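Architecture at a glance
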Amino acid sequence: MSTTKRQPSLLICIVMDLLGYASYALPFWGEFGDMLWAPVSGLIFYKLFGGWKGAAGGFLNFVEELFPGLDFIPSFTIMWLIKYFGKKQQIKSIQPI
């Protein structure tokens, strides 16, 4: 049984970031929508990435969504890039020269 968690797709991460931005599409919905979206987004982040990185990222994502002016940060996509390139680096370091 493998203990490694499968990485979510880049498309899912981009869609989740766009949902975070979408709260500003409707006037007066922005910050109120973020108060509702922040805990949901943090939980989804944790479920998608898991482990300590998912927990830390979920908390940071929660804070990012909750505070005004930070919605431009694509946290799901950033974590996808970190995990993707981190995995490639691990594979590269395992291969014999």
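Each remark here, short or long, concerns the structure printed above.
One structure accompanies this document, and this report is about it. (Residues numbered from 1 in each chain as written. Predicted model: local features only at pLDDT ≥ 70, side-chain atom pairs only at ≥ 80, totals over all residues. Heavy atoms only, no water.)

Another aspect to go through is the overall build of the chain. The number of helices and strands found in the chain is 4 helices and 0 strands. Order of helices (α) and strands (β) in the chain, N terminus to C terminus: α-α-α-α. Counting across all 97 residues of the chain, residues that qualify as buried make up 30%. Intrachain contacts of the chain at a sequence separation of at least 6 include 66% that bridge at least 24 residues. A total accessible area of about 6800 Å² is found for the chain, and carbon and sulfur atoms account for 76% of it. (Helix = DSSP H or I, 4+ residues; strand = E, 2+ residues; numbered from the N terminus. Buried < 20%, exposed > 50% of the residue type's maximum accessible area, 1.4 Å probe, protein only. Contact = heavy atoms within 4.5 Å. Areas by Shrake-Rupley, 256 points an atom, 1.4 Å probe, with all protein chains shown as cover.)

We now examine the side chain of Asp17. In this structure, Asp17 sits in helix H1 (residues 10–22). No salt bridge forms around the buried Asp17; measuring N to O, its nearest opposite-charge neighbour Lys83 is 15 Å away. Those residues in contact with Asp17 that lie beyond four places of it in its chain are Ile73, Pro74, Ser75, Phe76 and Thr77. (Lys, Arg positive; Asp, Glu negative; His and termini not counted. Salt bridge = Lys/Arg side-chain N within 4 Å of Asp/Glu carboxyl O.)

It is worth spelling out the environment of Asp17 at this point. According to the relative accessible area criterion, Asp17 is buried, its value standing at 7%. For the pair Asp17 and Phe76, spaced 59 residues apart in the sequence, the C-alpha separation amounts to 6.1 Å.

According to the stated counting rule, one finds 4 aromatic pairs in the structure shown. Between Phe45 and Phe49, the aromatic rings sit 4.9 Å apart at their centres with planes inclined by 45 degrees, giving tilted as the arrangement. With Phe45 and Phe49 both in helix H2 (residues 30–49), this residue pair falls 4 residues apart, about one helical turn. Plain terms: the ring middles of Phe45 and Phe76 are 5.0 Å apart, the flat faces sit at 55 degrees to each other, and that makes the pair tilted. With a gap of 31 residues between them, Phe45 in helix H2 and Phe76 in helix H4 (residues 75–94) connect regions that are remote in the sequence. We classify Phe45 as buried; its relative accessible area is 2%. (Phe/Tyr/Trp six-rings, centres within 6.5 Å; stacked < 30°, edge-to-face > 60°.)

What follows covers a nonpolar patch on the surface. Taken together, Leu26, Trp29, Phe32, Met35, Leu36, Leu66, Phe67, Leu70 and Phe72 make up a surface patch of nonpolar side chains, about 890 Å² in accessible area. Counting residues per element, the nonpolar patch draws most heavily on H2, at 3 residues. Locating Phe67 in the fold gives a position in the loop between helix H3 (51–66) and H4. Judged by its relative accessible area of 48%, Phe67 falls in the partly exposed class. (Patch = residues over 30% accessible without salt bridge, like charges linked within 9 Å, V, L, I, M, F, W, Y side chains within 5 Å.)

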